[in-house]
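If you want the building blocks of each chain, they are given just below.
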Amino acid sequence: MKIRIISRIGAESRRAFQAAQMQRLGLPFSFVDAVEATDLTDALCLEAAQTWPGATLPQDIACFHSHRKAWAEIVEDKALGLVLEDDAVLADTIASALAMIEERYRDWRHVYDLEFTPEPHIIAERPTWQASGGLSASRIYRNRVGLAGYVIGPEAAARMLSETLHYRLIDSYLWQRPWMQGQMIEPAQVVQMRFLPDAPETPAFVRSAEPRVFRPSSRARNLALKMEIELRRGFSLLQAAGKSKRREPEIDWQRFAPETTPG
């Protein structure tokens, strides 16, 4: 399975961190050069903001285009791929987890979320599969945040490319696709540096200060976009009724031992 790490070209400390981490874990990888928020014009950002409710930041749009670049490479390879963001810290069991996912991959609709976030998901009570060593995959019915570490196949990547011709807040959008059967890998194998137990105490999902903020051009459009999202979420909750729990993903913190930290 190829590993792709989305990273800005100028983020030298992040890239050095990832190179050291991958060498320590014995994993081959390549960088996907991230789209730079500073390269996005106001006109492009304003156009993008018309397709998603609420505030849209250039960094959100850059993230959207960066993940699309990774998907395009996976489609070209015609094989499963692990997509990481450059602040992802990996468990020392990641290699065996990836091997298990490849072994049990049967359904192109399965996209595997390997990431822990301190945000409750809605996860099936019964796992889709369990493996030796305690690893399991369980259906995700709702997950609003997090694309720092996931495995996606070429068919699902191609469909995501076709469904993202216009801007979407990509982590929220991906996990709510009605055709997708997202699978939560537990214990989680990926965590962003800021969520490690010894990280400085900061609000979990604070967005960095950004002078450029863009919104839909009318309240009516904003309301229509919100209603569309809520309808999709309602459908997911109906699917989950009686067979799921709202909880954080399980994680074994002892498996995470970063030797360096990204800047």
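For the structure itself, consult the block above.
Here is a short report on the structure shown in this document. Please read all numbers here as calculations on a predicted model, not as lab measurements. (Residues numbered from 1 in each chain as written. Predicted model: local features only at pLDDT ≥ 70, side-chain atom pairs only at ≥ 80, totals over all residues. Heavy atoms only, no water.)

Let's shift gears to the overall build of the protein chain. Scanning the protein chain from N- to C-terminus turns up seven helices and 13 strands. Counting only C-alpha atoms, the protein chain reaches 55 × 45 × 40 Å along its principal axes. Classification of the 263 residues of the protein chain by burial places 51% in the buried group. Total accessible area computed for the protein chain in this model is approximately 12,800 Å², and 52% of it derives from carbon and sulfur atoms. Within the protein chain, one finds 33 positive and 34 negative side-chain charges whose respective centroids are separated by 7 Å. (Helix = DSSP H or I, 4+ residues; strand = E, 2+ residues; numbered from the N terminus. Buried < 20%, exposed > 50% of the residue type's maximum accessible area, 1.4 Å probe, protein only. Areas by Shrake-Rupley, 256 points an atom, 1.4 Å probe, with all protein chains shown as cover. Lys, Arg positive; Asp, Glu negative; His and termini not counted. Charge placed at Lys NZ, Arg CZ, Asp CG, Glu CD.)

We now examine the packing of aromatic side chains. Think of a pair of aromatic rings as described by two things: how far the centres are apart, and how the planes are tilted against each other in angle. A complete count under the given rule lists seven aromatic pairs for this structure. Where phenylalanine 116 meets tryptophan 253, the ring centres are 5.3 Å apart and the plane angle is 80°; that geometry is what we call edge-to-face. Remark: tryptophan 253 occurs in the segment after strand S13 (244–247) and phenylalanine 116 occurs in strand S6 (residues 115–116); sequence separation between them is 137 residues. Classification of tryptophan 253 by relative accessible area gives partly exposed; the value is 30%. Clustering of aromatic rings is evident, with ring pairs tying together Phe116, Trp253 and Phe256. Its guanidinium or amino end placed over the ring of phenylalanine 31, arginine 15 lies 4.4 Å from that ring's centre, counting from NZ or CZ. Above the plane of the ring of tyrosine 173 lies arginine 177, whose end atom (NZ or CZ) is 3.6 Å from the centre. (Phe/Tyr/Trp six-rings, centres within 6.5 Å; stacked < 30°, edge-to-face > 60°. Lys NZ or Arg CZ within 6 Å of the ring centre and 35° of its normal.)

Further remarks concern the pattern of salt bridges. All chains considered together, the criterion is met by twelve salt bridges. Where arginine 8 meets glutamate 36, a salt bridge forms, and the shortest distance between an N and an O atom there is 2.9 Å. Within this pair, whereas arginine 8 is found in the loop between strand S1 (2–7) and helix H1 (12–25), its partner glutamate 36 is found in the loop between strand S2 (30–33) and helix H2 (42–49), the two being separated by 28 residues in sequence. A residue is classified by how much of its surface remains accessible, and arginine 8, at 42% relative accessible area, is partly exposed. Judged by its relative accessible area of 19%, glutamate 36 falls in the buried class. Between arginine 159 and glutamate 163 there is a salt bridge, with the nearest N and O atoms lying 3.0 Å from each other. Residue arginine 159 and its partner glutamate 163 are both found in helix H5 (residues 154–163); the two are separated by four residues, about one turn of the helix. Its relative accessible area of 35% is what places arginine 159 among the partly exposed residues. Salt bridges here are not isolated pairs; linked through shared partners, they connect Lys2, Arg4, Glu73 and Asp77. (Salt bridge = Lys/Arg side-chain N within 4 Å of Asp/Glu carboxyl O.)

With that out of the way, let us pick up the nonpolar core. Within the largest apolar cluster, 45 residues are counted, with the highest numbers of intra-cluster contacts made by Trp71, Val111, Tyr150, Ile152, Met160, Leu174 and Trp175. Counting residues per element, this core draws most heavily on helix H3 (residues 58–77), at six residues. Leave out the neighbours within four places in its chain, and leucine 174 touches Trp71, Val111, Leu147, Met160 and Met180. (Core = buried A, V, L, I, M, F, W, Y, C linked by side-chain atoms within 4.5 Å. Contact = heavy atoms within 4.5 Å.)

Turning to its location among the elements, serine 136 is positioned in strand S9 (residues 136–142). For serine 136, a relative accessible area of 10% translates into the label buried. With near-sequence residues (within four places) excluded, serine 136 lies in contact with Pro127, Trp129, Gln130, Met184, Ile185 and Glu186.

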